[in-house]
Structure formats: C-alpha cells, structure tokens
Amino acid sequence: MPRKQPRTGARGAGAGAVTDADRRQLASGGGAGGQNPLEILKRRFHSGELGSVPVVLGLLVVWIIFESLNDNFLSPRNLSNLSVDIVGPGMISIGVVFVLLLGEIDLSVGSVSGLAAAVFAVLSVNHGMPEAPALLLAVLGGTLIGAVQGFFLAKVGVPAFVVTLAGLLGWNGLMLYLLGASGTVNLDENGLVAGLTSHYFTNVAAAYGLAALGTAAFLLASYRDVRRRRAAGVPARPMSEIVLRTAVLAVISLAAAWVLNQFLGLPLALLIFLVMLVGLDQVLHRTPYGRMIFALGGSVEAARRTGLHVSLVRISVFMISGTMAAIGGLFLASRVTSASQTSGSGNLLMDAIAAAVIGGTSLFGGRGRTWSALLGVLVIQSIASGVALMGIQTAVQFMITGGVLLIAVVIDSLSRRAQRAHGRV
C-alpha cells in the first residue's frame, strides 16, 4: 500500500494562493492575455483552490445587505467599533486555527478565556498585584492549560474532543470559584488592560503609516519569495501579478485608514491584533515548526515516519491555543472593564470555531492560515453589528451565522472532494 505523503504544498498554500497550473498558464502567455479571469476562477473552482474568494464575497454581500437596510452600518463610528469588537474573539480564533490545522478541536477556549480574565481581575483588583505581572500570569495560565490538555491528547491518547470538553466544564467551574460570591470584579477603567480597547492613536499619520508599512512589507516579502522560488527552479508568481495584488492591498488598507481617521483614529487593539496575525502567519508559513504543523495535519503516520516528534508538536499547538484564548479573554474583559460569571460563555466558543472555518481553515486539517481568523470573525461580527443596529432579535443572528457556517463547511467539503479528484489529497 503506498504511503500517504504530508500535504504541505497545496494544503499549506495561503488563502487565495495561485496554483501551479495558474503560474504555468501565466508563464506561457496565458492569464490576462490568454485567459480571462472568469476562466481562471472556473478552473480554480473545479480544482478546489478558491482560497479566500468565497468568504470575501460573502463579507461584501453581508455589508451590502445591512448597509441597504441601515445607513449607519458602514459609518466610520460603526466600522471603528467593529474593528475593536473583532479583536477578542479573533485572538481566540487564531489559536483555534492552529488546532484545526492538526485536524483536532479545542472546545475549552471559551472557558479558558473567561478564566484568564478572572485570574487577572482577582490578582490585580482583589489582591492588589500590579497589572503587568497579573496580566502575564493570566496569559501563562492559558499556556499551562494548553500544555495539560495537549499532554492528555498526545501522551495518554485521550481524544481532543473529550479532553477539551472536560476543560470546558472544569475551567469554567474554576473561574466561578475564583470570582466568589460577588460573581463580578470591575477593572480599573484607567488601567493597563482597560486601555487595550479604549486607547486610540488619534494622529492621522498612525493609521496611514500602518497602511503604508503593511503594503510595503507585503511587496518586499512577495518579491523575495519570487526570487527565492526562481533561484530554486520552482514556479513563481509573475511580477505583474504581485504589483496588482500590492495595489489592491494598498487601496483596501488606505481606505480602512481613512475610515478609522474619520472617527477616533487607529485603535490600539486592532494594531495588536494585526501584529499577532502577521507574526503567527510567519511562524506557520516561514518556519520549520509551521511546516511540521502542516505535515502533521496532512498525515500523522507520514509525519511520524519522516522523523517528526508528533507528541511535542501536538502539545505545543494546544499551548498556543490556550495562550491565544487567554489573550482573547483579556481583550474581552477590557471591552466591558470587568470579569464576571458570564465571561467566556454564551456563543463565544462557537463564534471562535466558526470564524476559523468560515475564514477558510479546513475542518479536515492541513489547510488554513491565521488570516482565516480575521476574515471569519469579520463576517460573524458584521452580522452581529448589523442585527444590533436594526434591533432584530439575537435569535436571527444565530440563524444567519449558522447558515453561513454551513455554507463554509459545504465549500470546504466540495473543495476537498475536488482536490481528491485532482490527486491533491
């Protein structure tokens, strides 16, 4: 029986990545001259390589619908608030992306986020500890929880679903115990954690500077990637495509900067979120550790036979998930300046997982990137914002989000089937 090889190539491709077939077509004079974009899109659809196209189109549809129903939806105030609202669940969703890349699941992230908020609040408010060490201990607590859960999965062999389901219950119980009879601990509104979501860089140069820096960094990274690929003799994107992608990114980022500057400026929370997204995306796609995660998500047995330390990778991924859940919990506590018995509860867990899947991370493992969390949480929080502006019942929000999640999973399944038909799975 032939060995199943790790799928680090097609599976590890980024959202919206160009396939080798597209590159060969462009190199041979196709693309813009030989084939129109619709034909390329059709070929990608049949080969299961649509990338982030469906979720971007879905986000545009959501924005168009809600803007047509309420003129305030795309107002600078609402979009600025939206950019801060996505940070808490978005941070948690980044950790979920790492877990899903292994083909596993983490059901404890909501409880871990609430526990981290409670640990910080109790240490800093009830016990008078300075906020900086209290914040560090809260985050390290999430890391430790991830290590414990990863150990039971990797070393003991307990399924991730069972381990993290137990964590969902156990860590929530510990949070309630720490908060005590009062059930709520209010944070200092002028403190470090409260400032995470309340501080804005009001100078217009901050938002425009970030947009320009991000665009320049993307262009430089793309150019270096082309040079590296050409030196290795493998297919690479033509420079015309890189220039086009850079121009699109520049328009989007500068437009976002303009909108933010129409209200209060660049939110600190959004800046931290984007830095985390870029940094962890580099870890996934530019380091040996990231390649090990994709290899393990492609085939556990093949990864083991190539010498990968499967247990350590699994434990480390759950440590990342726990850490990001704790960070997300602190941002959520910052948004309401308190930690309470409802912290980490409600639909937070489902939103975090749904954001990763809606954004393009495969439930089957081996395909996705951190930007999936951004796209997915934008869709979910846009729906929540639109529903709130219109005064519609929350039940409608759940139904809409559930429908979007189902569509995303169907697209993922069809994409996987198409890749299998083309020999990529």
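Residues numbered from 1 in each chain as written. Predicted model: local features only at pLDDT ≥ 70, side-chain atom pairs only at ≥ 80, totals over all residues. Heavy atoms only, no water.

Asker: Lay out the side chain of Asn261 in plain terms, naming residues and giving numbers.
Answerer: By the secondary structure assignment, Asn261 is in helix H11 (residues 239-261). In this view, Asn261 contacts Asn203, Val204, Ala207 and Tyr208; residues no more than four positions away in its chain are not counted. (Helix = DSSP H or I, 4+ residues; strand = E, 2+ residues; numbered from the N terminus. Contact = heavy atoms within 4.5 Å.)

Asker: Go over the nonpolar core, please, and point to the residues and values.
Answerer: With 87 residues, the main nonpolar core has Ile86, Ile94, Phe98, Phe273, Ile293 and Ile358 as its most contacted residues. Ranked by the residues each element gives to this core, the list is headed by helix H15 (residues 310-336), at 12 residues. Residues contacting Ile94, with those up to four places away along its chain left out, are Phe273, Leu277, Leu280, Met324, Thr370 and Ala373. (Core = buried A, V, L, I, M, F, W, Y, C linked by side-chain atoms within 4.5 Å. Buried < 20%, exposed > 50% of the residue type's maximum accessible area, 1.4 Å probe, protein only.)

Asker: Please give an account of the packing of helix H3 (residues 53-69) against helix H17 (residues 371-390) that cites residues and values.
Answerer: Their axes nearest at 10 Å, the elements H3 and H17 cross at an angle of 10 degrees. One finds that H3 runs roughly parallel with respect to H17. Crossing angle aside, the handedness with which H3 passes H17 is left-handed. Contacts from Val55, Val56, Leu59, Val62, Trp63, Phe66 and Leu69 in H3 reach Leu375, Leu378, Val379, Ser382, Ile383, Gly386, Val387 and Met390 in H17. Considered class by class, the residues forming the contact of H3 with H17 number 13 nonpolar, two polar and no charged. (Axes fitted to C-alpha atoms, helices over the stretch in contact; angles between N-to-C directions. Parallel < 35°, antiparallel > 145°, perpendicular 65-115°, else oblique. Left-handed = near helix turned anticlockwise from the far one by under 90°. Nonpolar A, V, L, I, M, F, W, Y, C, P; charged D, E, K, R; others polar.)

Asker: So what's going on with the confidence of the model for the protein chain? Residues and values would help.
Answerer: In this model, the protein chain carries an average pLDDT of 84, and 85% of its residues clear a pLDDT of 70 or more. At the low end of the mean pLDDT range in the protein chain sits helix H1 (residues 20-27), at 45; at the high end sits strand E3 (residues 266-267), at 96. This model gives residues 1-37 a pLDDT under 50, and the stretch forms 71 contacts once residues within four places in sequence are excluded. (pLDDT = per-residue confidence, 0-100.)

Asker: Quick rundown of the pattern of salt bridges? Include the residues and the values.
Answerer: The tally for this structure, following the rule as stated, stands at seven salt bridges. The partner of Asp225 in a salt bridge is Arg228, with the nearest N and O atoms 3.4 Å apart. Here the residue Asp225 and the residue Arg228 both occupy positions in helix H10 (residues 204-232), the gap between them amounting to three residues, near one helical turn. The exposure class of Asp225 is buried, given its relative accessible area of 17%. Between Asp281 and Arg369 there is a salt bridge, with the nearest N and O atoms lying 2.7 Å from each other. Here Asp281, found in helix H12 (residues 268-286), pairs with Arg369, found in the loop between helix H16 (348-358) and H17; they are 88 residues apart in sequence, far enough to count as distant. The class for Arg369 is buried, based on a relative accessible area of 17%. Counted as one network, the salt bridges with shared partners bring together Asp225, Arg228, Arg229 and Arg286. (Salt bridge = Lys/Arg side-chain N within 4 Å of Asp/Glu carboxyl O.)

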